[in-house]
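# A structural walkthrough
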Amino acid sequence: MLTARLRGGIRAHGARAHRTARRHSGPVSRVLRSGTWGAAAAAALAAVAARDVLQKEHAVLRNFPVVGHARYLLEALGPELRQYLVAGNNEERPFTRDQRRWVYASAKKQNNYFGFGTDNDIEYTAGYAVINHKNFGRAVPPSSPAACEEVRLPCAKVVGGPRGRRHAFRPESVVNISAMSFGSLSGAAVEALNRGAALAGCLHNTGEGGLSPYHRRGGELVFQIGTAYFGCRDEEGRFDLQRLKDLVAGAPVRALEVKLSQGAKPGLGGVLPGAKVSEEIAATRGVRAGQDCISPSRHAEFSDVDSLLDWVEMLASETGLPVGIKSAVGDMTFWEDLTDLMAGTDRGVDFVTVDGGEGGTGAAPLIFTDSVSVPFQLGFARAYRLFAERGLHEQVTFIGGGKLGLPDNAVVAFALGCDMVNVAREAMLAIGCIQAQRCHTDSCPTGVATQNPWLTRGLDPQLKSVRVANYIKTLRRDLLKVAEACGVEHPGLIDTGAVEVLDGRTASTPLRDVYGYDPSWGLPSAADRAEIMRIMGVEAPQGTSAPPSETATG
């Protein structure tokens, strides 16, 4: 019996011990595990510290191992921290917080009004443009906040009409999508822009990278011919006229634009690294996949203005399309020669796209982005004045580019003589760009300016196409509202007398005096003015006030 009790006691003690061990095993195990993780973390930090001390490339890391990495982390996150937490509404560049907010809200059809007055430092900002409204004028702005939302706003000139091109046409929109190539932008981004162009009834410039499948989503096109002749070149990289004719015959191409230079990198060629040249991009451009895709800095088909005009006339004759040029403005000899030859011969360009030196969507060395070619207003005014002095300004359609997707900048451009404006970065913002400024790294976080499949999958072309269309329609509406506030029916009828430029707090100068314009410059011909007034009178009846009060009688 004693033996049995002893055995029972041993069993009971064992059970209690087991229960006690089980109760305490969790905390002990966690402590052991945390100690293991701590040791692993300490070993990793020690390895990083050893590497930092031994390496010689970075003095900060050599002198401050481990903690020195915080400097590079802050440098990487700096743009985002400044953009969202530090910078004021008007401090950021190239687009301020206010400007981006206006584009985003317009694209989403949200409230894009601003309250409590301007926070721009108008009184102390030299060069600030002010628009002079009229209390009475031919055009009366409608009072409804939603008025003109779906307004038709065609160009005041017929592109190619003065030179009798077979396929001359009047563009349906004064706001169009600027040249951005497939390759620089993702296929999803190009598709969104093209679908948006179809919804908004505007033109979409292909850029020099060729006409891709993503450009065939309903939007009408301007086909840009760059120095590498992508999309219309033979196997040796030379221009191939037949390929061009076949291309434009099978796509909704309305005009050809010969690119001489652009604001982001004037006078400089481009390189798309071989790693980014996919089979799809190679097929679009007519190059080999996986090899560096190089755009020369100059054209091979012509070497001066005289041969350029011969080539332009050949393209127009063979295709029947209007043909124009795109260029930033630098040395004025080119523009002098161009206008002299156009005035003295029967050759000429149908349209001129002037790009501002403010830099654009193209990645470029900092010196080119910041300091090569003059800003849009100055460059455009110089070029336009030469056409006007030779009596050519009414025969050419003028298109402006360079941050003109903002209403205030666009109004000044129209007053200076632009007939249409092209939007690029603003259109990118409308489809999701957050101004991360990583376009040159192939790591655009919104899938706009990258070929990374993981990043581009986040951009839905159908959804974003609606947003870019909303933005374009809103810009057109605002331009029409400002035109009517100035007493005219169309932004192309705003003259240089409607804008003045502040010289500081106490003085200003009319826009025509700033750029040396004759009072009659900056407007279409009398016939074009009459026709666009007729079109706008039919398509957009003017607003009315309440009926006059009845006059009381006896």
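What this report covers is the structure whose coordinates are included nearby. Computed from a predicted model, the values in this text were never measured in an experiment.

Cut-offs applied
Residues numbered from 1 in each chain as written. Predicted model: local features only at pLDDT ≥ 70, side-chain atom pairs only at ≥ 80, totals over all residues. Heavy atoms only, no water. Pairing = 2+ DSSP bridges. Helix = DSSP H or I, 4+ residues; strand = E, 2+ residues; numbered from the N terminus. Axes fitted to C-alpha atoms, helices over the stretch in contact; angles between N-to-C directions. Patch = residues over 30% accessible without salt bridge, like charges linked within 9 Å, V, L, I, M, F, W, Y side chains within 5 Å. Areas by Shrake-Rupley, 256 points an atom, 1.4 Å probe, with all protein chains shown as cover. Salt bridge = Lys/Arg side-chain N within 4 Å of Asp/Glu carboxyl O. Lys, Arg positive; Asp, Glu negative; His and termini not counted. Charge placed at Lys NZ, Arg CZ, Asp CG, Glu CD. Parallel < 35°, antiparallel > 145°, perpendicular 65-115°, else oblique. Left-handed = near helix turned anticlockwise from the far one by under 90°. Contact = heavy atoms within 4.5 Å. Nonpolar A, V, L, I, M, F, W, Y, C, P; charged D, E, K, R; others polar. Buried < 20%, exposed > 50% of the residue type's maximum accessible area, 1.4 Å probe, protein only. Expected span 1.5 Å × (residues − 1). Phe/Tyr/Trp six-rings, centres within 6.5 Å; stacked < 30°, edge-to-face > 60°. Lys NZ or Arg CZ within 6 Å of the ring centre and 35° of its normal.

### Focus on the sheet that holds strand β12 (residues 499–502)
Read across the sheet, 3 strands follow the order β1-β12-β13 without closing on themselves; strand pairing throughout is antiparallel. The open sheet terminates on both sides in strands that have one partner only, identified here as β1 (129–131) and β13 (508–510). Across the sheet, the mean angle separating the axes of adjacent strands is 30 degrees when strand polarity is ignored.

### Quick notes on a negative patch on the surface
A cluster of acidic side chains, namely Asp-304, Asp-331, Glu-336 and Asp-337, defines a negative patch on the protein surface. Inspection of the secondary structure assignment puts Asp-337 in helix α9 (residues 333–344).

### With respect to the packing of helix α6 (residues 241–249) against helix α8 (residues 305–319)
With their axes 11 Å apart at the nearest point, α6 and α8 run at an angle of 50 degrees to one another. Relative to α8, the element α6 lies oblique. The handedness of the crossing between α6 and α8 is right-handed. Residue-level inspection shows Leu-241, Leu-244, Lys-245 and Val-248 of α6 in contact with α8, the latter providing Met-314, Leu-315, Glu-318 and Thr-319. For the contact of α6 with α8, the class distribution of residues is 5 nonpolar, 1 polar and 2 charged.

### Concerning helix α4 (residues 97–107)
Residues of α4 that are buried include every one of Asp-98, Arg-100, Trp-102, Val-103, Ala-105, Ser-106 and Ala-107, and no others. Lys-109 lies just past α4 and shows a positive phi near 60 degrees.

### Some thoughts on the pattern of salt bridges
By the definition in use, this model includes 21 salt bridges. One salt bridge in this structure joins Glu-208 and Lys-259, with 2.7 Å as the shortest N-O distance. Of the two residues, Glu-208 sits in the loop between β3 (203–205) and β4 (220–225) while Lys-259 sits in strand β5 (residues 253–259), which places them 51 residues apart along the sequence. The class of Glu-208 is buried, set by a relative accessible area of 14%. Among the salt bridges present, the one from Glu-318 reaches Lys-245, with a minimum N-O distance of 2.9 Å. One end of the pair, Glu-318, is in helix α8; the other, Lys-245, is in helix α6, and 73 residues separate them in sequence. Of the residues examined, Lys-245 reaches a relative accessible area of 26% and is grouped as partly exposed. Each of Arg-165, Glu-313 and Asp-350 takes part in a single network of salt bridges with overlapping partners.

### Some points on helix α15 (residues 461–485)
Given a rise of 1.5 Å per residue, 25 residues ought to cover 36 Å, and the 36 Å separating the end C-alpha atoms of α15 matches this to within 8%. For α15, the buried fraction is high: 18 of the 25 residues fall into the buried class. Remark: Gly-487 follows α15 within two positions and exhibits a positive phi of approximately 90 degrees.

### Here we look at unusual backbone geometry
As a rule of thumb, non-glycine residues mostly have phi less than zero, and peptide bonds are mostly trans rather than cis. One non-glycine residue with positive phi stands out, namely Val-66, at about 70 degrees. Along the chain, Val-66 falls in the loop between α2 (59–63) and α3 (69–86). Judged by its relative accessible area of 28%, Val-66 falls in the partly exposed class. Of note in the backbone geometry, Lys-109 takes a positive phi value of approximately 60 degrees without being a glycine. Assignment of secondary structure puts Lys-109 in the loop between α4 and β1.

### Observations regarding the packing of aromatic side chains
Counted under the stated rule, the structure contains 14 aromatic pairs. Centre to centre, the rings of Phe-239 and Trp-311 are 5.0 Å apart; their planes meet at 75 degrees, and the pair counts as edge-to-face. With Phe-239 in the loop between β4 and α6 and Trp-311 in helix α8, this pair connects stretches of sequence that are 72 residues apart. Residue Phe-239 is classed as buried on the basis of its relative accessible area, which comes to 12%. For Trp-311, a relative accessible area of 6% corresponds to the buried category. Between Phe-334 and Trp-335, the aromatic rings sit 5.0 Å apart at their centres with planes inclined by 80 degrees, giving edge-to-face as the arrangement. When its relative accessible area of 1% is taken as the criterion, Trp-335 is described as buried. Three or more aromatic residues link up through ring pairs in this structure, and these residues are Phe-376, Phe-380, Tyr-384, Phe-387, Phe-398, Tyr-517 and Trp-521. The ring of Phe-169 has Arg-254 sitting right over it, with the charged end atom 4.2 Å from the ring centre. Between the NZ or CZ atom of Lys-403 and the centre of the ring of Phe-95, over which it lies, the distance is 5.1 Å.

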